[in-house]
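# Observations on the three-dimensional arrangement
Read off the chains here:
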Amino acid sequence: MFVFAHQSSLANQYIAELRDVNLQKDRLRFRRNLERVGELMAYELSKVLPYQNTKVETPLGIAETQLLIRQPVLATIMRAGLPFHQGFLNYFDHADNAFVGAYRGYASDDDEFEIEMDYIVGPDLTGRTLILVDPMLATGRSIEKVYHAMLRYGIPAQTHIAAVIASPEGIGFLQERLPQCRLWLGAIDERLNDHYYIVPGLGDAGDLAFGPKV
Ligand SMILES: O=P(O)(O)OC[C@H]1O[C@H](OP(=O)(O)OP(=O)(O)O)[C@H](O)[C@@H]1O
Ligand SMILES: O=c1cc[nH]c(=O)[nH]1
Ligand SMILES: [Mg+2]
């Protein structure tokens with residue numbers, strides 16, 4: 001498991017700004033910070049992907065380098081995942097992409113919910129590197145449901161899960177249910193509250209990025 005908060009870097013400043021209740025009023029900055037964390041996390045993740053030796057022709061000769069054998073598939077969950085996804089896509093700029101519409105559906109007045117999923121589109125995943133990106137890993141139920149739904153497009157060679165803020169409960173859930181997936185996290189917080197929100201977390205990432213919904 002990789003965690004930005006376990007080492008010193010600028011990523012922690014961007015995450016601090018995402019959490020800051022005053023800076024959150026600036027939606028553009030909130031979205032851009034999700035994107036910036038996505039960019040930095042994409043770079044860290046790129047270090048464990050397979051590369052091949054390659055030659056590139058310059059105006060003056062031939063340079064030897066290593067390039068990714070194949071670009072990954074980036075998959076995200078709307079809404080909050082969109083700016084984070086864009087950060088990954090800025091760096092994996094030739095990636096293929098998948099999008100999923102999934103959200104917490106509340107049946108009644110209580111806090112219990114089912115993950116509703118009503119839109120999914122993606123490329124053939126057979127043998128690919130799949131990176132599931134969603135800024136909030138709370139209970140882990142959204143990611144788990146989306147991972148299984150994605151398998152209709154084929155079995156990936158490896159799967160990475162990227163989140164900005166995670167709860168210990170969500171991490172434990174995914175480690176039990178999806179032990180084959182590698183986790184890339186910005187920070188691990190204290191706990192979930194009674195509404196299954198991460199504490200201290202940052203609040204509702206989708207609303208902060210795009211505005212309240214009814
Ligand atoms: O780990 P979980 O308990 O499943 O919760 C995490 C989910 O909650 C958020 O989305 P939300 O349902 O708020 O939708 P939104 O992005 O449209 O606001 C977040 O982006 C995750 O998808
Ligand atoms: O803390 C949380 C949990 C789920 N979704 C969010 O946006 N925040
Ligand atoms: Mg939300």
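Whatever comes next refers back to the structure up there.
This text gives an overview of the structure that appears in the document.

The rules behind these values
- Residues numbered from 1 in each chain as written.
- Chains lettered and ligands numbered in written order.
- Predicted model: local features only at pLDDT ≥ 70, side-chain atom pairs only at ≥ 80, totals over all residues.
- Heavy atoms only, no water.
- Near = heavy atom within 4 Å.
- Polar contact = N/O pair within 3.5 Å; in protein donor to acceptor, adjacent residues only side chain to side chain.
- Areas by Shrake-Rupley, 256 points an atom, 1.4 Å probe, with all protein chains shown as cover.
- Helix = DSSP H or I, 4+ residues; strand = E, 2+ residues; numbered from the N terminus.
- Buried < 20%, exposed > 50% of the residue type's maximum accessible area, 1.4 Å probe, protein only.
- Contact = heavy atoms within 4.5 Å.
- Axes fitted to C-alpha atoms, helices over the stretch in contact; angles between N-to-C directions.
- Parallel < 35°, antiparallel > 145°, perpendicular 65-115°, else oblique.
- Phe/Tyr/Trp six-rings, centres within 6.5 Å; stacked < 30°, edge-to-face > 60°.
- Lys NZ or Arg CZ within 6 Å of the ring centre and 35° of its normal.

### Focus on the site of ligand 2
Close to ligand 2 lie R104, M136, A138, Y196, Y197, I198, G203, D204 and A205. G203 places a polar main-chain atom, nitrogen or oxygen, 2.8 Å from a nitrogen atom of ligand 2. Contact distances for ligand 2 include 2.8 Å between an oxygen atom and a backbone N or O atom of A205. Isolated, ligand 2 exposes 230 Å² of accessible area, and the fraction of that covered by the protein chains is 89%.

### Digging into the environment of D124
Relative to the assigned elements, D124 resides in the loop between β6 (113–121) and β7 (129–133). D124 sits in the exposed class, given a relative accessible area of 51%. Sequence-distant contacts of D124, that is, excluding residues within four places in its chain, are made with Y153 and G154. Within the structure, D124 has its side chain in polar contact with the side chain of T126 (distance 2.7 Å).

### Details of the site of ligand 1
The full set close to ligand 1 counts 17 residues, and R104, D134, T139, G140 and S142 are the nearest of them. In this structure, an oxygen atom belonging to ligand 1 sits 2.7 Å away from a side-chain N or O atom of R104. Within the contact set of ligand 1, an oxygen atom lies 2.5 Å away from a side-chain nitrogen or oxygen of T139. For ligand 1, the accessible surface in isolation is 500 Å², of which the surrounding protein chains cover 94%.

### Some points on the packing of helix α4 (residues 141–150) against helix α5 (residues 168–177)
α5 packs onto α4 with a crossing angle of 25° between their chain directions and a minimal axis gap of 9 Å. Put simply, α4 runs roughly parallel to α5. For the pair formed by α4 and α5, the contact residues are R141, I143 and E144 on the first element and F173, L174 and R177 on the second.

### Observations concerning the packing of aromatic side chains
With the rule as written, the count across this model stands at five aromatic pairs. Both rings, one in F84 and one in F88, keep their centres 5.3 Å apart while their planes meet at 90°; by these two values the pair is edge-to-face. Here the residue F84 and the residue F88 both occupy positions in helix α3 (residues 81–91), the gap between them amounting to four residues, near one helical turn. Considered together, F84 and F88 belong to a single accessibility category, that of buried residues. Ring geometry for F113 versus Y196: centroids 5.6 Å apart, planes at 80°, classification edge-to-face. Highlighted residues: F113 in strand β6 and Y196 in the loop between β11 (191–192) and β12 (198–199), separated in sequence by 83 residues. Exposure remark for Y196: the relative accessible area of 23% places this residue in the partly exposed category. An aromatic cluster is built from F2, F4 and W184, whose rings are joined through pairwise contacts. Sitting over the face of the ring of Y197, R104 holds its NZ or CZ atom 5.3 Å from the ring centroid.

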